[in-house]
Every structure is written in C-alpha cells, then in structure tokens.
Amino acid sequence: MKFSLKNRFLLLFVLLICLVLIFPLLIMIFSSFTTEGGEFGIMNYQELFANSYYRKAITNSFMLSMTAALVSEFIAILGAWSLTKISSSAKESLVTVLNLASSFAGVPLAFSLIILLGNSGVINAISKAMHFSLTGSLDLYSWVGLIIAYSFFEIPLGMLFLYPTFEEIDKGWKEASDTLGANDWFFMKKVIYPILVPGLVETLIILFANAMGTYETAFALTGNKITLISTIIGSLIGGELESNIPLACALSVVFGLAMVALVILGNIIVKKKTSVER
C-alpha cells in the first residue's frame, strides 16, 4: 500500500502526538493506580484526599489560580479594549511586547521581582533612603506576592486572547442600534454581551490553567512555604519530600480532571448564555 506525501505527513503527525501526548498520558494514568511496591489500586487517591497536607495543596492551588486569573482578566479586559483605540503601527508593536511579556515567567521573573520588591530590593532601598514606605506592608513571599508575580505573565496573555474579541466589535453596530431606537442596555445585552462572553470565559479558563501549572515562579518565591499542586508534584518527583512517582501521577491526574471539568463547565455556560440571549 502506497502512501501519498500528504498521508505520510499525517501519519508522522499522528505518531508524534502519540509519542509526546497520548502514551505519556496513559502511562501517567496507569502509574497513578500503582504503588512503589507494585500493588494496584486506588491507594494513591485515598492518600491524596485523606491527607490534609495534600487537600490543602489542592485548595490553595484552586484559590490562588482563580484569584490570579480573575484579577488578571479584569486588567486584561481594560488593556485589550485600549488596544483597539490606538493606531495600527502602535498596536503591532504592543502585541509584540505582549508576546514577549507573556513568556516571561519562571525563575527569571521571580528573581526580577525579588530584586525589585524583595526585602533588600530596589524599592525597599529607596524607601529606606526616603524614610517613607513605597510598598507598605507588601510581602513578596506571600499569597499577595504570588498573585502579583502571576499577573506579570497572565495579564499579557489575557490581552492577547481578548484583543481579537474586542476587534470584532464594529463601531457601526452602535450607530445602527441608535438608529433603530435601541437604548444602551439593549445594545450591550443583545450585541456586545453575546460576543464577549465566550471569549471572556475561555480566556479565564486558559489563565486559570496557566496559573495552576506554574511551578518555577511559585517555588522560587515561596519554596514550600505555600503548598501548591505544582510544587508538591515537583517535590514528589525530585525527592525533596519523599520520592513517590505514583503519588505525583495521581496528583497530576486530579489536576487534569479538574481542568477537563472546568472546560466542560465553561462550554456549558457559554452555550447556555448565548442560547438564552438569542
């Protein structure tokens, strides 16, 4: 049987997806049901939900990620709307900067913030020289510090995803609405709302997932001071706590299932809202 060049590339693509995504995923799921001693069962999942340490990590991750996602999306909405009001040349330059900023995460971001806002950072040094606190009681190595750190790469990412949605809004729609005698509330409810809601929900899910999976930034700033899913998985694999690959796999599966549930919930909300408005 002869394969055309197109089919060969398709087969290569399928094999690549299987090697880097499907097979590792299946191995991770299978490993989550085994123990280091080779026993098969749900012991790892029982350990996750019976142990308060792991339950707290799951709760902390959800709270931190959702807070960072909501704060970042609110600011990203303002930024994306502002992008539609500037010239094309300035817009292209800013989009390039946003692409770079959305990738600036991990250890470099953490150390940049430590140099800027840390206990011996530049701003604190200036504050001491001026005998006036510029940061107040801000603790970079706390929940607030993590939210600030996450926002540095979440806000540009949110703006990149929301900008096309705001670009779809035609100025002529408002003029047509006014001509037909519709008020501002009707225009927002029937025209703007159905267009923005899918993009807002999808962007929130992406920002949440991005925050949930962040490891280097959180670990560099807080170490194990704040227990998160990502840092515990790293510790279980690296052996900082106690090397336990099956338990790390189980925690990863819980993370994956949470993301799948969130995506399904987001799709249901979007379909329900748009169908009601229509």
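## Thoughts on the packing of helix 3 (residues 52-83) against helix 11 (residues 229-238)
Argument step 1. One way to put it is that helix 3 packs onto helix 11 with a least axis distance of 8 Å and a crossing angle of 135°. Here helix 3 lies oblique to helix 11, going by the angle between them. Packed against helix 3, whose contacting residues are Tyr53, Tyr54, Ala57, Ile58 and Ser61, the element helix 11 presents Ile229, Ile232 and Leu236 at the interface.
Argument step 2. For the contact of helix 3 with helix 11, the residue count by class is seven nonpolar, one polar and no charged.

## Considering the side chain of Ser65
Argument step 1. The residue Ser65 is located in helix 3 in this model.
Argument step 2. When its relative accessible area of 1% is taken as the criterion, Ser65 is described as buried.
Argument step 3. Looking at Ser65, its side chain comes within polar contact range of the main-chain oxygen of Ser61, at 2.7 Å.
Argument step 4. Here Ser65 is in contact with Phe208, Ala211 and Met212, once residues within four sequence places are set aside.

## Examining the packing of aromatic side chains
To describe a pair of aromatic rings, you give the distance between the ring centres and the angle between the ring planes.
Argument step 1. Going through the model one piece at a time under the given rule, you end up with seven aromatic pairs.
Argument step 2. A ring pair is formed by Tyr53 and Tyr54, whose centres lie 5.5 Å apart and whose planes are at 75°; its orientation type is edge-to-face.
Argument step 3. Here Tyr54 falls in the buried class, since its relative accessible area comes to 10%.
Argument step 4. Taking the centre distance of 5.7 Å and the plane angle of 20° together, the rings of Tyr215 and Phe219 count as stacked.
Argument step 5. Classification of Tyr215 by relative accessible area gives partly exposed; the value is 25%.

What counts as what
Residues numbered from 1 in each chain as written. Predicted model: local features only at pLDDT ≥ 70, side-chain atom pairs only at ≥ 80, totals over all residues. Heavy atoms only, no water. Axes fitted to C-alpha atoms, helices over the stretch in contact; angles between N-to-C directions. Helix = DSSP H or I, 4+ residues; strand = E, 2+ residues; numbered from the N terminus. Parallel < 35°, antiparallel > 145°, perpendicular 65-115°, else oblique. Contact = heavy atoms within 4.5 Å. Nonpolar A, V, L, I, M, F, W, Y, C, P; charged D, E, K, R; others polar. Buried < 20%, exposed > 50% of the residue type's maximum accessible area, 1.4 Å probe, protein only. Polar contact = N/O pair within 3.5 Å; in protein donor to acceptor, adjacent residues only side chain to side chain. Phe/Tyr/Trp six-rings, centres within 6.5 Å; stacked < 30°, edge-to-face > 60°.

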